[in-house]
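Spelled out from the first residue to the last, the chains are:
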Amino acid sequence: MITVSDLTKQYGKRLAVDGMTFDVAAGRVTGFVGPNGAGKSTTMRMMVGLTRPGRGDVRYSGVHYRDLKHPARTVGSVLDARCMHPGRTARNHLRATAALSGIPTARAEEVLAEVGLGTAADQRAGKFSLGMRQRLALAGALLGDPQVLLLDEPSNGLDPDGIRWLRDYLRDFARRGGTVFVSSHLIGELSMFADDLIVVGGGRLLAAESVQEITARNDVAVLIQTLQPAELASRLAAHGLVVEVAADRLIVRGTTRAAVSQIAFDSRIQVLELRETSRSLEDSLLDMTRASAEFASA
Ligand SMILES: Nc1ncnc2c1ncn2[C@@H]1O[C@H](COP(=O)(O)OP(=O)(O)OP(=O)(O)O)[C@@H](O)[C@H]1O
């Protein structure tokens, strides 16, 4: 569990992060969402001691980051995937990173395989696509076999297969008890796989809720028409969703169109119609962040 308390950072006259307080639970994926300039990167840098807060602190299971005995074994982070020597091979980059953190260099082979870069181990990082660099940066974060992953906009540059792979990887990491904190300015994308959302705007916390709470509050219902209603209903129920049957349609509350579409796709069930009956999660989050932008520019 990560506890962020009253985290504040001022640059000149600008409050980049203003009294940010929230918890990030273990065993879940927490999305950190807000428009560009909302203060996400600054908050994440303060969470791993790269930027000094003006006020406030961050604890990992009660321990300050600076007091962690083996920071790399507790927290793995990717804050900038471009941060690697272009002339080094992927394997050498990881070996050097491992050596710096007191981790056996043999671990490099394991994490290369884990992120699907086994066959690219001897290629130079400078020749990598942005998507491959994202994978290599994630491999670096995994070297210490950490309990917590902090990732700033990790799907930047990934192709759709890469995004899907990352989503599945992070969900699995959380299922194994890990803590995942991942930022994005793309609300729709995060709502597809996050359990909880921390919504920020203008350096301030706007909401800290589960996706289910936000969708229930907004009474979001997803309407589905399919030729295989029984199969889809049982797949949705297996994901803990309550399904109502109305005439030829299924209705599911407390979830998103994106999540239902993913479940149907994964189950190879064809969907004829899929829509949200009221305001979508995306709409309600955009409203929140829009209000904060108006406040900030007032
Ligand atoms: N080193 C810095 N010096 C001065 N101002 C900064 C610095 N870092 C960030 N800021 C300012 O702080 C505010 C928050 O920036 P931050 O990068 O944390 O936002 P963000 O939510 O991560 O946005 P993005 O998605 O665009 O990276 C912005 O107004 C930014 O210009």
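The preceding data block contains the structure.
Because the structure is a prediction, the values reported are computed rather than measured.

Peer 1: Quick question: what am I supposed to make of the overall build of the protein here?
Peer 2: Along the protein, the regular secondary structure elements total eleven helices and 14 strands. Once the C-alpha set of the protein is aligned to its principal axes, its extents read approximately 60 × 50 × 35 Å. Looking at the protein as a whole, 46% of its 298 residues are labelled buried. For the protein, long-range pairs separated by at least 24 residues make up 69% of all intrachain contacts whose partners lie at least 6 apart in sequence. Summing over all exposed atoms, the protein offers an accessible surface of approximately 14500 Å²; the carbon and sulfur share of this is 50%. A gap of 7 Å separates the mean positions of the 36 positive and 33 negative side-chain charges of the protein.

Peer 1: Honestly, the site of the ligand in this entry has me stumped. Any pointers?
Peer 2: Taken together, Tyr11, Arg14, Ala16, Pro35, Asn36, Gly37, Ala38, Gly39, Lys40, Ser41, Thr42 and Glu153 are the residues near the ligand. Here an oxygen atom of the ligand sits 2.7 Å away from a polar atom, N or O, in the side chain of arginine 14. The side chain of asparagine 36 places a nitrogen or oxygen atom 3.2 Å from an oxygen atom of the ligand. The fraction of the free accessible surface of the ligand (630 Å²) that becomes covered by protein chains is 59%. At the level of elements, strand E2 (14-24) and helix H1 (40-47) are the ones that each hand at least two residues to the shell around the ligand. Per-element tally for the shell around the ligand: the top contributor is H1, with three residues. Of the residues belonging to the shell around the ligand, the class tally is four nonpolar, five polar and three charged.

Peer 1: Help me out: how do you make sense of the pattern of salt bridges in this one?
Peer 2: When charged atoms on two side chains of opposite charge get close, those side chains can pair. Scanning the model with the defined rule gives 14 salt bridges in all. Shared partners join several salt bridges into a network, and the residues in it are Arg91, Glu109 and Asp122.

Peer 1: Hey, could you run me through the packing of helix H5 (residues 130-142) against helix H6 (residues 160-175) in this one?
Peer 2: Between two packed helices, the angle of one axis relative to the other and the distance separating the axes together describe the packing. Running from N to C, H5 and H6 cross one another at 15 degrees; their axes reach a closest spacing of 12 Å. In terms of axis orientation, H5 runs roughly parallel to H6. Of the two elements, H5 crosses H6, and the hand of that crossing is left-handed. On H6, the residues that touch Arg135, Leu138 and Leu142 of H5 are Gly162, Trp165, Leu166, Tyr169 and Phe173.

Peer 1: For this particular structure, what's the right way to read unusual backbone geometry?
Peer 2: Negative phi characterises most residues that are not glycine, and trans characterises most peptide bonds. With phi around 45 degrees, serine 61 is a residue other than glycine that occupies positive phi space. As for its position among the elements, serine 61 is in the loop between strand E4 (55-60) and strand E5 (63-64). Serine 61 sits in the exposed class, given a relative accessible area of 60%.

Peer 1: I'm lost on the sheet that holds strand E11 (residues 221-226) in this one. Help?
Peer 2: Through backbone hydrogen bonds, the strands of a sheet pair up, either in parallel or in antiparallel fashion. In space, the four strands of this open sheet follow the order E12-E13-E11-E14, with antiparallel pairing throughout. Two strands close off the open sheet at either side, each with one partner strand: strand E12 (243-246) and strand E14 (271-276). Between one strand and the next, the sheet's axes are offset by a mean angle of 25 degrees, whatever the strand orientation. Judged from the four bridges that link them, E12 and strand E13 (residues 249-253) form a sheet pairing that is antiparallel. Looking at the pairing, valine 243 lines up with valine 252 of E13. Where helix H9 (residues 229-238) meets the sheet, its contacts fall on E11, E12, E13 and E14, and the angle it forms with E13 comes to roughly 10 degrees. Each of E11 and E14 is contacted by helix H10 (residues 257-266), which is oriented at about 160 degrees to E14, the strand it contacts most.

Conventions used here
Residues numbered from 1 in each chain as written. Predicted model: local features only at pLDDT ≥ 70, side-chain atom pairs only at ≥ 80, totals over all residues. Heavy atoms only, no water. Helix = DSSP H or I, 4+ residues; strand = E, 2+ residues; numbered from the N terminus. Buried < 20%, exposed > 50% of the residue type's maximum accessible area, 1.4 Å probe, protein only. Contact = heavy atoms within 4.5 Å. Areas by Shrake-Rupley, 256 points an atom, 1.4 Å probe, with all protein chains shown as cover. Lys, Arg positive; Asp, Glu negative; His and termini not counted. Charge placed at Lys NZ, Arg CZ, Asp CG, Glu CD. Near = heavy atom within 4 Å. Polar contact = N/O pair within 3.5 Å; in protein donor to acceptor, adjacent residues only side chain to side chain. Nonpolar A, V, L, I, M, F, W, Y, C, P; charged D, E, K, R; others polar. Salt bridge = Lys/Arg side-chain N within 4 Å of Asp/Glu carboxyl O. Axes fitted to C-alpha atoms, helices over the stretch in contact; angles between N-to-C directions. Parallel < 35°, antiparallel > 145°, perpendicular 65-115°, else oblique. Left-handed = near helix turned anticlockwise from the far one by under 90°. Pairing = 2+ DSSP bridges.

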